[in-house]
Amino acid sequence: MSAEDLYIKKIEALTRGIRLGTKKPSDVATEVASAFNKLKASNIGMYDDLLNKYNNVVSDFNKKNTK
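Residues numbered from 1 in each chain as written. Predicted model: local features only at pLDDT ≥ 70, side-chain atom pairs only at ≥ 80, totals over all residues. Heavy atoms only, no water.

Counting its regular elements, the protein contains three helices and zero strands. Scaling as 2.2 N^0.38, a compact globule of 67 residues should have a C-alpha radius of gyration of about 11 Å, and the protein matches this with 12 Å. Referenced to the eigenvectors of the C-alpha coordinate spread, the extents of the protein come out at roughly 40 × 20 × 15 Å. The buried share of the protein, reckoned over its 67 residues, is 27%. Looking at the protein alone, contacts between residues at least 24 apart form 60% of all its contacts between residues at least 6 apart. If you sum the accessible surface of the protein, you get close to 4600 Å²; carbon and sulfur atoms cover 50% of it. Taken as two groups, the 12 positive and 8 negative side-chain charges of the protein have centres that lie 7 Å from each other. (Helix = DSSP H or I, 4+ residues; strand = E, 2+ residues; numbered from the N terminus. Rg over C-alpha atoms; globule rule 2.2 N^0.38 Å. Buried < 20%, exposed > 50% of the residue type's maximum accessible area, 1.4 Å probe, protein only. Contact = heavy atoms within 4.5 Å. Areas by Shrake-Rupley, 256 points an atom, 1.4 Å probe, with all protein chains shown as cover. Lys, Arg positive; Asp, Glu negative; His and termini not counted. Charge placed at Lys NZ, Arg CZ, Asp CG, Glu CD.)

And the structure:
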């Protein structure tokens with residue numbers, strides 16, 4: 001498994017944790033930022049896709065928790 005695959009898996013797992021409510025965006029911010037920065041250097045297309053998904057999940061999380 002390449003480093004790129006590991007970054008993708010980490011981002012997807014942390015995003016899933018936020019979506020399921022087991023993690024907060026503030027709890028995983030540094031891990032996600034680090035993985036995104038490393039992924040951006042190796043695969044900009046996947047970086048854009050995952051960043052959009054992550055932003056949508058965080059937005060949904062914020063909507064649910066501000067009411």
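Next comes the rest of the description.
Further remarks concern the nonpolar core. Counting 15 residues, the largest nonpolar core has I18, F36 and Y54 as its most contacted members. Counting only elements with at least two residues in this core, the list comes to α1 (3-20), α2 (25-42) and α3 (44-65). Among the elements that make up this core, the one with the highest residue count is α3 (six residues). When residues no more than four places from it in sequence are discounted, the contact partners of I18 are K23, K24, P25, V28, Y54, V57, V58 and F61. (Core = buried A, V, L, I, M, F, W, Y, C linked by side-chain atoms within 4.5 Å.)

On to the packing of α1 against α3, then. α3 packs onto α1 with a crossing angle of 15° between their chain directions and a minimal axis gap of 9 Å. One way to sum up the angle between α1 and α3 is to call them roughly parallel. In the crossing of α1 with α3, the sense of the turn from one axis to the other is left-handed. In this structure, α1 uses I8, I11, E12, T15, I18 and R19 to contact α3, whose residues at the interface are M46, L50, K53, Y54, V57, V58 and F61. For the contact of α1 with α3, the residue count by class is nine nonpolar, one polar and three charged. (Axes fitted to C-alpha atoms, helices over the stretch in contact; angles between N-to-C directions. Parallel < 35°, antiparallel > 145°, perpendicular 65-115°, else oblique. Left-handed = near helix turned anticlockwise from the far one by under 90°. Nonpolar A, V, L, I, M, F, W, Y, C, P; charged D, E, K, R; others polar.)

This paragraph deals with the pattern of salt bridges. For the structure shown, the criterion picks out one salt bridge. Note that K10 is salt-bridged to E31, the shortest N-O span being 3.5 Å. A residue pair is termed long-range when its members are at least 10 positions apart, and K10 in helix α1 and E31 in helix α2 qualify at 21 residues. (Salt bridge = Lys/Arg side-chain N within 4 Å of Asp/Glu carboxyl O.)

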